[in-house]
Amino acid sequence: MFSSYFSKPAVEETEREKNVLTPYYEDIVPPKMRKKGEPLSYFQTISRAYTHEQALKFATASLEWKNLVYTQFPNKPRTKAYPVTCCQGVRDTYAFYRVIAEKKYGYIATACHVNIHGTHRGDLRFIEINDRTVARQNEGTSVIGRLYLGDMIGVSGLARMRDFKAYDVFQSAMDGECIWMATQIQVFPRITLTDVAFSVLANGTAVVKEQSEVMNVLNPTSFPLVPGKMYTGTAFVPEKMFSNFTLEHRAEHKNSLIYKCSRIHQYPNSLGTVYDFKESPRLTDAFRIGVDAFDIHTTSKYDENTPTEIMETCVLMGYAAANSITNGRFDSRSFPMHNLSRDRTVVRFSIDNPAEDPTEGKWMINSRIKISGPSGELNATIETVITDRKSLKITARLSRDIPNHVKFDKGIHVVYQREAMELQVLRTGLSNKAPPGSNGRQILEVLYGAEPLECDYNVNGTSYFFPDKDPVELNEYQCDYVDMILAKLPIVVGCSPFGCGKSMTIVTAALEIHKRSVARRNKFYTLEKKKMQLLVTQSNYASVNLVDIANKAKNGTDSEESKLKFVRYLSEKNWKELADDCLTDYDLPKLMEIESLAWSLGHRKHEKLEFRHMASMANFVIEGKLARPHEFVGQAMSTYNNSAFKDFKSWPRDLLEAFFMLYDPDLIMTTADSLQTLLSSAILKPSSVETIQIDEASQVPEYTFISLLTSFPNASYGLIGDIEQLPPYCETGLDGKLKDYGIGNTMERAVNGEMFPQAMLREVYRCSPRITNLLSDLFYEGQLISGVTVDQRNEFVRKRKDFWPKSEFPVLVLNNKEKGYKMGTSCGNKSEKEIVNALLNLLTKEHNRYKLKPSDIGVISFYAAQTSILTEALRGKGVKCGTVDAFQGSEKEVIILCCTNEKISDFMQMSNRINVAMSRGKQATIIIGNVDGLKKADYWSVIVRAAEVEGCVMDTNFLGITQTSRPQFSKGRNQKERTPEGVAAVTNPTARGRGRRGRQRGNGNPQEKLIDEDLPSTSNQQANNGRNNRNRRRNNKAKPLEGAGDVPSASTQQVQPSQQQSKRGNGAGWRRRNNKKESPAGGLESDRMVAWKIPQSTLHYEFSTQLYSICRRQTEYFVSRVYSLEMHKNEAETPTNLHHQSGQINRRQPDIVQQLGALCLTVVDGLANGIVSLYTFFTRPRPE
C-alpha cells in the first residue's frame, strides 16, 4: 500500500527546498496508523497515510493551475432537494482540506496538513468553495448549502480567482480574499446520527442526548429555538484531526515539527451540526414535567410519556449537558514551552495566549498535561496559571516516576492537554438497571415526584464508640445517623454542618455494618456472600482524611471482626501525579504492589485466578522490579514457565480483577471523579455492594448519584453533607432545566422537600464557640451547638497578645486599602501578597512559648488568579493555599482569608461560599480585605461589624506595611464609647434569607424573627424545617464527645437549647444573663427591648449601622484633616494614618489632636446612640 507513497516523484526542487518541513522527512518511516484497539474511520485511515511527498506534489501542481481562471468554470444550480453525495477513493494529485466557515458566496476551507503550504505558500492555506466548484458524484449541482462545518474534502483542482502573488502564511487570514477556488473536490463519508433528541443552550448551541459535545444547529429558516424545549433531527459528527502534519517522520523529529507548525494558528476541530430538525411536542412535554414525573397529580397528554420515560429523558439530557460543557474547555492544540525550568518535582514554563483563540480559560488549575521532548512524553498536572499579556505562566507538578536527571534543558519541548477518557456511564435503558422495588428505583422515583419515602425504623438510643486508642463516644445526633444506616433504609440523609465530626461518624457506621456482616456470615457460614461498602468523597484531601480515620479505627481495636480491610481506589497514573500530602499507605497502586509481590513469592493464592490474571501480575512484578523471575513460587512460577506467557499482553483490568480477588477488601474509598472509572471497569458487580455513603453529598452532581443508583440498585445509601456549604460545581454557560437535570442539587432537594429520612448533626467541634454562634445565626437559623469550650479553642489568641487586639474574639480584619487589578477574567492584588507573607512570618514566630507550624496555617483566596500568585509566593513554606472550593472539607488552626478586590463581587456574597471560608479555622480567622467594601456587602457587613465592636479591625501598619488611604477606626466593647445598644448584637436576619435556602423562605422578609427560647412551640416547627423527626424522642441534655471536654455553660458563649425544646428543634435561641439578653454574636439588648420582644428586623439593623457608620466616618475624616494641618503647620513628618489599635489613637499624634479626636468620637458615639434609641423606641411593636 505504501510503495507508491514512499517513492519520490519528480517535483520542482524549488518547492521542496522552500518548504520548512522538508528536512524532517529526508529519512522517512511508514506512518503509525493506529493504536491497538483504536477504531479508525475511512477518512482517518487515508489521512494518516498521506505523505509529505504527496503534499509537495499538490503544491507544485498549483503552480501550473495559475493559468486557470475561475470564469472558465460555469456556475452550477443550487438545490436542497437532496444531500450531497459522499464518496471514497482519491485521485492522483490531491490534498485534504476542512470546511471551517460559511459565507454568502460559499465556504472557506483550510488545509489539514501544514506540509501543503509550509510557511512560504500562504495562498494555499485557505481556499474558496463556491457555485463553480464541481463535487465528485454531484457534478450537476452546486454543493453550496449542502456542506457542513467540519466536512472533510479532497481537493484535486484549483483555479485562480485574482492575481497570483506570493506571500507567507503569517499574512493569510480566513476573512481575507482567497487566491484560489477549488474546481474539483470530493466529500468524504460522514458520520451521521438520525432522529437525535436535543435542546439548546442560551448561546444557541445544541445539547444532544447521549453525546458529550455541544453541536451547532443548521437553521436556514431562522426557526426560533427556545431553551427548555426539545427537538429532534439529524446530527453530523465531524472527523477530528489528531495531527496537522504528515506522520512518516522519525520519532526524534516530532517535537521539531510540532514547534514549526505551532507558529501557524490552527483552527480547532469543528463542532457537530444538527440539521433537518423539528420541534418535538412530546419530548418538550416530558422536559416540562421533569422532576414531577411520578407525581400522581401530574399527567402527560402523550401516552408514550410514561413516568419512567420522562425520568430517563431528563436524566440523559442533563448528563449530556454536563459532559458537553465540561469537554468544551478541552484544548486540543500543542504549544512550544518557553522559559522552561525544573525545580525538583515542579516544572515552570509559559505558553502563548493568542488573541484569536486564547488559551486562558482552557489551561486551568488541575488540568492534566503531557510534555513531549527528547526524554519522551511525560505526565504532569497544572498547579498554577498566571495570565501575563500574550502568554500564560504555568507551574505544573511532575509525575513522581520522572527521573531527577530529566532537566528539560536540551532540545525542543512541547506541551498539550491530555484528553479525558470517554466514559459514558448513563445510557438509554438506565431505568432497567434499577428494577421496580429496588432501593435505587425507589430513590429515583422519589427524586422525580413520587411521595416521600416512608420507612419504619426505630432509633433505640444505642451508644456507639469510635475505637481509637482512647475510645470516643459519639454524641446522640451522630448515634442517630448510625442507627438509621444500620436499619438498612434505602437512603438516609445526614445534615452535617462544618466540624460536626461527620468523617468519624461515617467510618463508625461503616465499622458497625462490617461487624454485623461478619456476625451474619459466621452464623450462617458460607450461605451469605461477602459484600463490600463504598465511601465516595469529593476531593483527594477528603479521602485522605477518611483513610486516616479508618486507620485509627483499625489500630484501635484488637477484635478481628472489628478490623476493616479497606483500599483507596485511584488509577496508577493519577496516583503518580498527586501531591505528597494526598498519598496514603492504602492507595490501590501501593497495595497492588504488596499483594502482587506476596503472590509471586507464594504467600498469597486464589483458586479462581485465571491465566490472564496471573500473567498480568507476573508482568507487573517483573516490570516494576519488585522481584526477579527466579524468586517466583507456586502459581507465579508455573505462570512464568507457561509457553503462552512470553507473548502475553497485560491488561489493566485483568490486574485489577486479580487484586480484588487476593486482597478482598471490605471497604472501598474513592473520589467522585475516580468513581466514573471504577463504574466503567465493571469490577464491582451490582449485587456486591451493601452500603454506599457519600461524604460532602451537597457537592455531588445529580448524574453521579444516579449513576450509583443504577449501578448498585440494591445497596443502601447515606448522603451526608451540608446544603449551606458549596453546591455541586457547574461550568458557566449551563443553566435552566439542563442544569437542573444534570448538575442539580440532590441533597438540597431532598432536605427541603423532606423526601427521605433525615438525621441532623448539630454539635460543632471545630471552631471557637464565638465563630460557631456567629455562623449559626447567619446561616443555620441558630440551630448549631458548640461542642467545645472557649478555652479549648483560644490558645493562639491568648498567647499572641503581641498583635491580637482582643483574645475573646477570634476574628481579625486587616484593612487592605490597595485596589486589586484584573488578570484576564480573574483578579490579583500585590499588596495582599505582601500582607500574607508578613503575617506568615509573624504567625510562625515563637512568642510567649507558643509557635504555629506552617502546616497549621491555611491561606484561602476567592480568586483563582490570586490563588496562583499566593501559591507561587508560598511554595516550599509548607502552608496550604487554595480557593474556597479547594478548602471545603479541610481545617487549619488559623486561616488567612484573602478578599483581593476592593469591590466585593456577587459570588463573594454567596452565603454558602462565605460559610465555608469562615468555618475552616479552628482557633482564629484573619480576613484581609477593604473594610469599606466589606461593610457594604451581604453577610460580610455583619462579620466586620462584630469585629469592629470588639476592636478587631486594624490597619496593616503593625506589619510594617504602610498604605495611603482614608484612615480606619475600630473601637472595642471595653471602651466607654459603645456602639448603640441593640445594634452590635444583631446579626442580620435578612442575610439568611439571601442564601439558597433563604430564597425559598421568602427572600428575607423584614418581619422574619430570630427564634427565641421563650417563644411558643410553633417556632420549633419553623426551626425543624427540612428534618424528619416523626420517630424521635430526645433528652434535653447535650452529650459531648468523650475527651472533648464538658459542654460549655452560657458564660463561655455556647448556645444552649431551651428546656421546652426538643434537641432536634432550634438550639440557638437567645440567652438571659443578668436581666439582659445576649445575642449569639455577643451584643446586649436593653431590658425594654427584651420586655417588648422587638424583632431584630433588617430595617432596624441597616438604619442603625448606616447611621452610626456615617457619623463615625465623618468624624474620622475631620480629625485626620485637623491632624494633617497641624503637622503641616509645624513642618513635622509626613502625616500618618489615624487609626485605633485596642481602642487607642495613634500615639505619634500631637496631644492636641489626641484630645480633639477623643472628644469628637465621644460626642458622635453619644449622638448616634441617642438617635438610634429614639428610633427603636418609636418603631417598637405594641405589647399584646
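A brief report on the enclosed structure follows.

Calculation notes
- Residues numbered from 1 in each chain as written.
- Predicted model: local features only at pLDDT ≥ 70, side-chain atom pairs only at ≥ 80, totals over all residues.
- Heavy atoms only, no water.
- Buried < 20%, exposed > 50% of the residue type's maximum accessible area, 1.4 Å probe, protein only.
- Helix = DSSP H or I, 4+ residues; strand = E, 2+ residues; numbered from the N terminus.
- Pairing = 2+ DSSP bridges.
- Contact = heavy atoms within 4.5 Å.
- Axes fitted to C-alpha atoms, helices over the stretch in contact; angles between N-to-C directions.
- 1 Å grid on protein atoms, 1.4 Å probe; cavity = no way out; pocket = protein on both sides within 12 Å on 5 of 7 lines; lining within 4 Å.
- Points joined across faces, edges and corners; volume = space filled by probe spheres on them.
- Nonpolar A, V, L, I, M, F, W, Y, C, P; charged D, E, K, R; others polar.
- Phe/Tyr/Trp six-rings, centres within 6.5 Å; stacked < 30°, edge-to-face > 60°.
- Parallel < 35°, antiparallel > 145°, perpendicular 65-115°, else oblique.
- Right-handed = clockwise from strand over helix to strand, strands pointing away.

A few points about the pairing of strand β18 (residues 414–417)
Thinking step 1. Burial of the side chains of β18 extends over both faces: V414 and Y416 are buried on one face and V415 and Q417 on the other.
Thinking step 2. Inspection of the sheet shows strand β12 (residues 334–336) paired to β18 by 3 bridges, in the antiparallel sense. The residue bridging P336 from the neighbouring strand is V414, located in β18.
Thinking step 3. In terms of strand pairing, strand β15 (residues 368–373) meets β18 through 4 bridges, oriented antiparallel.

Focus on the sheet that holds strand β34 (residues 880–883)
Thinking step 1. The 6 strands lie next to each other as β34-β33-β35-β36-β30-β37, forming an open sheet whose pairing is parallel. Every interior strand has two partners, whereas the edge strands, β34 and β37 (953–954), have only one.
Thinking step 2. Of the pairings in the sheet, the one linking strand β33 (residues 857–861) to strand β35 (residues 892–898) comprises 5 bridges and is parallel in character. Bridge pairing in β35 places V859 opposite I896.
Thinking step 3. Across the sheet, helix α23 (residues 830–843) touches β30 (811–815), β33, β35 and β36 (921–929), and the angle it forms with β35 is around 160°.

Considering the layout of surface pockets
A water-sized probe rolled over the atoms picks out the places where empty space is left.
Thinking step 1. Taken as a whole, the second largest pocket holds about 760 Å³ of empty space.
Thinking step 2. Taken together, the elements giving at least two residues each to the lining of the second largest pocket come down to α14 (611–623) and α16 (652–663).
Thinking step 3. In the lining of the second largest pocket, the residues fall into 6 nonpolar, 4 polar and 10 charged.

Comments concerning the packing of aromatic side chains
Thinking step 1. All chains considered together, the criterion is met by 36 aromatic pairs.
Thinking step 2. Their ring planes at 75° and their centres at 5.1 Å tell us that F287 and Y741 sit as a pair that is edge-to-face. With F287 in helix α6 (residues 281–289) and Y741 in helix α19 (residues 736–742), the pair connects residues that are 454 residues apart, well separated along the chain.
Thinking step 3. Since its relative accessible area comes to 4%, Y741 is described here as buried.
Thinking step 4. Ring centres 6.0 Å apart and planes at 70° place the aromatic pair F803 and W804 in the edge-to-face group. Take F803 and W804: they sit in the same class, and that class is buried.

Quick notes on the packing of helix α13 (residues 588–600) against α16
Thinking step 1. Running from N to C, α13 and α16 cross one another at 75°; their axes reach a closest spacing of 10 Å. Compared by their axis directions, α13 and α16 come out roughly perpendicular. Seen from α13, the contacting residues are L588, L591, M592, E595, S596 and W599; seen from α16, they are L655, L656, F659, L662 and Y663.

Overview of the pairing of β33
Thinking step 1. Most of β33 sits out of view: 5 of its 5 residues are buried.
Thinking step 2. With burial as the criterion, each face of β33 is covered, one bearing I857, V859 and S861 and the other bearing G858 and I860.
Thinking step 3. Relative to β34, β33 runs parallel, the two sharing 4 bridges. If you follow G858 over to β34, its bridge partner there is K880.
Thinking step 4. The β-α-β motif built from β33, the intervening helix α24 (residues 864–873) and the parallel element β34 has right-handed crossover chirality.

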